[in-house]
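Close look at the chain arrangement
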Amino acid sequence: MSEKFQAVVIGGGPGGYVCAIRLAQLGLKTACIESRGSLGGTCLNVGCIPSKSLLNLSEEFHKVKNLSNKGIEVGEVKLNLNKMMKSKDKAVTVLTKGVEFLLKKNKVTYFKGHGSFKSKNEINIKDVDNKETVIGADNIIIATGSVPVSLPGIDFDEKTILSSTGALKIEQVPKKMVVVGGGYIGLEMGSVWSRLGAEVHVVEFLEHITPGMDREISQEFMKILKKQGIKFHMQHKVEEIKKNSEGAIVSTSDKDGNKKDFDCDVVLISVGRKPNTEGLNIEAAGVELDEKHRVKTDKNFKTNQNNIYAIGDVITGPMLAHKAEDEGIAVAENIAGQSGHVNYDTIPGVVYTTPEVASIGKTEEQLKEKNVDYKIGKFSFMANSRAKAIDDAEGFVKILADSKTDKVLGAHLIGPHAGELIAEIGVAMEFGASSEDIARTCHAHPTFSEAVKEAALSVDKRAIHS
């Protein structure tokens, strides 16, 4: 055994590297192991960051193409996809190198290689040259994230049949793209390629997109995306995907058994992700997994082994980078003898399309299911001065509050900068605020955030501008 640490984190994604930094801040001798060759996990390398770069660049392209409608003549607008991809890659490189600097700054030992258990206190690290190193650890945190799931019998080739990773690296704009799955990732990537010129078809097994989202928001979202040119085929099951010289044929059947085939250049399969627990040799540590191959943990992120913990996508809960980060900090503080805690009722979810969609807390459907008596406040961005001034006024803010106490139970937004606006409601909910607390907080004018205030006023039917 070459070296021993007080804490070792397996995985250098948002949960893992944040956990390692916090452990080091708390005085523990810490190591972080990452097999990818660059830190940041799926999020920084092939997920959140590159997709947001492409979402932004594709939206800028779309805006510039349509500036003449607003009196700005810019001449012929051309797409240079190669340059766009290089811009995306540069953003990724800068951020992953930044994380590496943060580990160094906080004196975290960084091992590049694949980590697996040798025992409950030993980790074997195999680097790119297959050289093996064994390190010891008093505490081990599993933070290995998740990987995309395909459909049964269909493998990703990342050229024609794509996962979200392949959808970030398409070399030329496809004429026609089929997206299998109407969740966050599929709709974001579908939006990118639609704006760049592809004909995009979304095939969804359910009768609505974005499962788990407040249904009213989901319906409005689909209406807006349809207006943007994305075509939806709901309650369609994919039976088969066959590659050919032109691309692929996606064979589907609807709820009545009617068959429909889609010819396309590329297929993006976006039907979810699964915990990345393979290759950990987890049996050697005696750690238990559940039926979905997630690591079983208690409320303090501890497994059935006293010194082994797990966070992020490998445990239960939403597969979100910020959820993993909060868990990483909480488990580090627990290991150091403090009281780390994550409030799962205030974890926001955001879809970074145009317009953005954001939600936090309970949906109407969840409140009805639990027989909670609630009030609704809504405000349209059509009546928001800032949104109207810049011609970006689609969508609305919806706040749900307890009928008796007025405590905010949830909020759901679709509209400009929804992903930023949701933070205000997150802070309010964290402090147990009522809708009146938000309504009586002065918001600058003209701002998008005034829509949040007006929605809070609307809970008690006293909105001013609607």
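Higher on the page you've got the structure.
Residues numbered from 1 in each chain as written. Predicted model: local features only at pLDDT ≥ 70, side-chain atom pairs only at ≥ 80, totals over all residues. Heavy atoms only, no water.

**Things to note about the overall build of the protein**
Looking only at helices and strands, the protein has 13 helices and 22 strands in total. For 466 residues, the compact-globule formula gives about 23 Å, and the C-alpha radius of gyration of the protein, at 24 Å, lands near that figure. Along the longest, intermediate and shortest principal axes, the C-alpha atoms of the protein span 65 × 60 × 50 Å. Looking at the protein as a whole, 52% of its 466 residues qualify as buried. Long-range pairs, those at least 24 residues apart, make up 62% of the contacts in the protein with a sequence separation of at least 6. By element, 49% of the accessible surface of the protein is carried by carbon and sulfur atoms, the whole surface being about 22200 Å². Between the averaged position of the 60 positive side-chain charges in the protein and that of its 62 negative side-chain charges there is a distance of 2 Å. (Helix = DSSP H or I, 4+ residues; strand = E, 2+ residues; numbered from the N terminus. Rg over C-alpha atoms; globule rule 2.2 N^0.38 Å. Buried < 20%, exposed > 50% of the residue type's maximum accessible area, 1.4 Å probe, protein only. Contact = heavy atoms within 4.5 Å. Areas by Shrake-Rupley, 256 points an atom, 1.4 Å probe, with all protein chains shown as cover. Lys, Arg positive; Asp, Glu negative; His and termini not counted. Charge placed at Lys NZ, Arg CZ, Asp CG, Glu CD.)

**Structural notes on a negative patch on the surface**
A cluster of acidic side chains, namely E239, E240, E246, D261 and D263, defines a negative patch on the protein surface. Put simply, the parts of the chain that give the negative patch at least two residues each are strand 12 (236-243) and strand 14 (259-264). On the basis of relative accessible area, D263 is assigned to the partly exposed category, the value being 48%. (Patch = residues over 30% accessible without salt bridge, like charges linked within 9 Å, V, L, I, M, F, W, Y side chains within 5 Å. Salt bridge = Lys/Arg side-chain N within 4 Å of Asp/Glu carboxyl O.)

**Concerning the sheet that holds strand 15 (residues 266-269)**
Strand order in the open sheet made by the five strands is 8-15-9-10-11, with parallel pairing throughout. Both outer strands of the open sheet, strand 8 (161-162) and strand 11 (231-234), are each paired with one neighbouring strand and no more. In terms of strand pairing, strand 9 (residues 176-180) meets strand 10 (residues 199-204) through five bridges, oriented parallel. By the bridge assignment for strand 10, K176 is matched with E199. Contacting strand 9, strand 10, strand 11 and strand 15, helix 6 (residues 184-195) crosses the sheet at an angle of about 165 degrees to strand 10. (Pairing = 2+ DSSP bridges. Axes fitted to C-alpha atoms, helices over the stretch in contact; angles between N-to-C directions.)

**Describing the packing of helix 3 (residues 48-65) against helix 6**
Two elements in contact, helix 3 and helix 6, have axes separated by 9 Å at closest approach and are oriented at 35 degrees. Handedness of the helix 3/helix 6 crossing: left-handed. In this structure, helix 3 uses S51, K52, L54, L55, S58, E59, F61 and H62 to contact helix 6, whose residues at the interface are E188, M189, S191, V192 and R195. Looking at the contact of helix 3 with helix 6 residue by residue, the class counts come to five nonpolar, four polar and four charged. (Left-handed = near helix turned anticlockwise from the far one by under 90°. Nonpolar A, V, L, I, M, F, W, Y, C, P; charged D, E, K, R; others polar.)

**Observations regarding the environment of G377**
The topology assignment puts G377 in strand 20 (residues 374-380). G377 has contacts with V397, K398, I399, A455, S458 and V459, leaving out every residue within four places of it along the chain.

**Things to note about the sheet that holds strand 20**
Within the open sheet, the five strands sit side by side as 18-19-22-21-20. Their pairing is antiparallel. Every interior strand has two partners, whereas the edge strands, strand 18 (349-351) and strand 20, have only one. Between one strand and the next, the sheet's axes are offset by a mean angle of 10 degrees, whatever the strand orientation. Two strands pair when backbone bridges link them, and strand 20 and strand 21 (residues 396-402) are joined in this way by seven bridges, in the antiparallel orientation. Following the sheet pairing, I376 is matched in strand 21 by L400. Along the sheet, helix 6 contacts strand 18 and strand 19 (356-361); its crossing angle with strand 18, the most-contacted strand, is approximately 25 degrees. Contacting strand 18, strand 19, strand 20, strand 21 and strand 22 (408-415), helix 7 (residues 215-227) runs over the sheet at an angle of about 5 degrees to strand 22.

**Structural notes on the environment of K404**
Its location among the elements puts K404 in the loop between strand 21 and strand 22. Residue classification places K404 among the exposed positions, given a relative accessible area of 77%. When the C-alpha positions of K404 and K375 are compared, they lie 9.1 Å apart, and in sequence the two are 29 residues distant.

**A look at the side chain of E333**
Within the secondary structure, E333 sits in helix 8 (residues 321-335). The exposure class of E333 is buried, given its relative accessible area of 17%. The contacts of E333, once residues within four sequence positions are left out, are R22, L26, Q338, S339 and G340.

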